[in-house]
Amino acid sequence: MMGIILLGPPGAGKGTQAKKLTEEFGIPQISTGDMLRAAVKSGTELGLTAKSFMDAGGLVPDEVVIGIVKERLALADCGKGFILDGFPRTIPQAQALDRAAAELGKEIGFVLSLEVDPVELMERLCGRRTCTGCGAMYHVKFNVPKAEGRCDKCGAPLVQRDDDKEETIRKRLDNYNRSTAPLLDYYKGTGKIRTVMASGDIDAIYRSIVGILR
Ligand code: AP5
Ligand code: MG
Ligand code: ZN
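Criteria and thresholds
Residues numbered from 1 in each chain as written. Chains lettered and ligands numbered in written order. Predicted model: local features only at pLDDT ≥ 70, side-chain atom pairs only at ≥ 80, totals over all residues. Heavy atoms only, no water. Salt bridge = Lys/Arg side-chain N within 4 Å of Asp/Glu carboxyl O. Buried < 20%, exposed > 50% of the residue type's maximum accessible area, 1.4 Å probe, protein only. Helix = DSSP H or I, 4+ residues; strand = E, 2+ residues; numbered from the N terminus. Near = heavy atom within 4 Å. Polar contact = N/O pair within 3.5 Å; in protein donor to acceptor, adjacent residues only side chain to side chain. Areas by Shrake-Rupley, 256 points an atom, 1.4 Å probe, with all protein chains shown as cover. Nonpolar A, V, L, I, M, F, W, Y, C, P; charged D, E, K, R; others polar. Pairing = 2+ DSSP bridges. Axes fitted to C-alpha atoms, helices over the stretch in contact; angles between N-to-C directions. Contact = heavy atoms within 4.5 Å.

1. Focus on the pattern of salt bridges
- The tally for this structure, following the rule as stated, stands at 16 salt bridges.
- Residue Asp164 is joined to Arg172 by a salt bridge in which the shortest nitrogen-to-oxygen separation is 2.9 Å.
- Asp164 sits in the buried class, given a relative accessible area of 3%.
- Counted as one network, the salt bridges with shared partners bring together Arg128, Arg161, Asp163, Asp164 and Arg172.

Okay, here's the thing in structure tokens:
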């Protein structure tokens with residue numbers, strides 16, 4: 001398996017589907033959002049830089065994100081393939097990824113474009129809950145944990161993400177439309193884009209993704 005890019009607006013299900021792919025195919029999920037949140041939590045310099053942008057629903061500067069992805073891609077576990085979740089998000093990031101992949105001898109096989117009705121995105125994000133232990137994702141209506149407020153997999157408490165407030169979500173969606181949606185044009189000529197209808201049942205969407213990859 002090669003490198004896969006999951007492209008889609010906030011709430012499209014990038015993280016949800018990436019975790020399932022990781023479990024089945026044993027290739028790592030590279031989520032810039034998760035990496036930045038981990039840096040914020042541990043209070044590193046990177047975290048301090050990133051926090052203000054993230055809290056405002058803005059994008060973290062390209063050079064910062066590009067640096068962390070390049071380092072991550074060079075690690076041994078990316079040898080069999082990798083799933084990029086939330087990167088690239090701007091044209092300069094996509095160009096940097098092309099250069100880094102060439103340098104490291106890696107190939108992007110597919111760009112999966114997850115498409116969901118914008119109204120649904122807001123509902124998904126407002127009801128999202130994340131496990132503080134293992135990062136598993138839940139939803140108060142669409143993906144309900146067995147015990148309220150607790151993770152099915154590890155039992156740790158579930159929390160709401162700081163940037164999942166209606167006002168901030170709106171800004172994230174605006175930024176997606178302005179800065180990230182143009183990537184569909186960027187990749188158009190490569191023959192790597194596949195559209196995934198990403199509304200409906202999580203497992204059904206996952207099966208359609210696996211169908212594309214096989
Ligand atoms: P990031 O963490 O990447 O957030 P995002 O792109 O806004 O995407 P989300 O994680 O909110 O959505 P998702 O598509 O993963 O959906 P999920 O699977 O959780 O980035 C956060 C911030 O970090 C950015 O705003 C920016 O500041 C910074 N950043 C990150 N990368 C950057 C970059 N490259 N450059 C610059 N800045 C960067 O699903 C959402 C909810 O819906 C869940 O509750 C889930 O259970 C539910 N759900 C999923 N699928 C379904 C379904 N089929 N039906 C019903 N519910 C579903
Ligand atoms: Mg995510
Ligand atoms: Zn957990």
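2. Observations regarding the environment of Lys153
- Relative to the helices and strands, Lys153 is located in the loop between strand S6 (137-139) and strand S7 (158-159).
- Take Lys153: its relative accessible area is 58%, and that puts it in the exposed class.
- Each C-alpha atom of the pair Lys153 and Gly133 lies 9.3 Å from the other, and the pair is 20 residues apart in sequence.

3. A few points about the site of ligand 1
- The environment of ligand 1 is made up of 35 residues, and the closest members are Thr16, Gly58, Arg89, Arg128 and Arg172.
- Measuring from an oxygen atom of ligand 1, one finds a backbone N or O atom of Ala12 at 3.3 Å.
- For ligand 1, whose unbound accessible area comes to 1,000 Å², protein coverage reaches 97%.
- Taken together, the elements giving at least two residues each to the shell around ligand 1 come down to helix H1 (14-25), helix H2 (32-42), helix H6 (118-126), S6 and helix H9 (202-213).
- Examining the composition of the shell around ligand 1, we find that four residues originate from one element, H2, more than from any other.
- Each residue belonging to the shell around ligand 1 can be placed in one class, and the counts come to 15 nonpolar, 12 polar and eight charged.

4. Digging into the sheet that holds strand S3 (residues 82-85)
- Read across the open sheet, the five strands follow the order S2-S3-S1-S4-S8; overall the sheet is parallel. Where the open sheet ends on each side, the last strands, each with one partner, are strand S2 (29-31) and strand S8 (193-197). If you compare each strand with its neighbour and ignore which way they point, the axes differ by 25° on average.
- Here H2 sits on the sheet and contacts S2 and S3; the angle it forms with S2, its principal contact strand, is near 60°.

5. Re the sheet that holds S6
- In space, the three strands of this open sheet follow the order S6-S5-S7, with antiparallel pairing throughout. Looking at the sheet topology across the chains shown, the edges are occupied by S6 and S7.
- Sheet topology places strand S5 (residues 128-131) next to S6; three bridges connect them, and they run antiparallel. Bridging from a neighbouring strand, Arg128 pairs with His139 of S6.
- Along the sheet face, H6 touches S5 and S6 and points at about 45° away from the line of S5.

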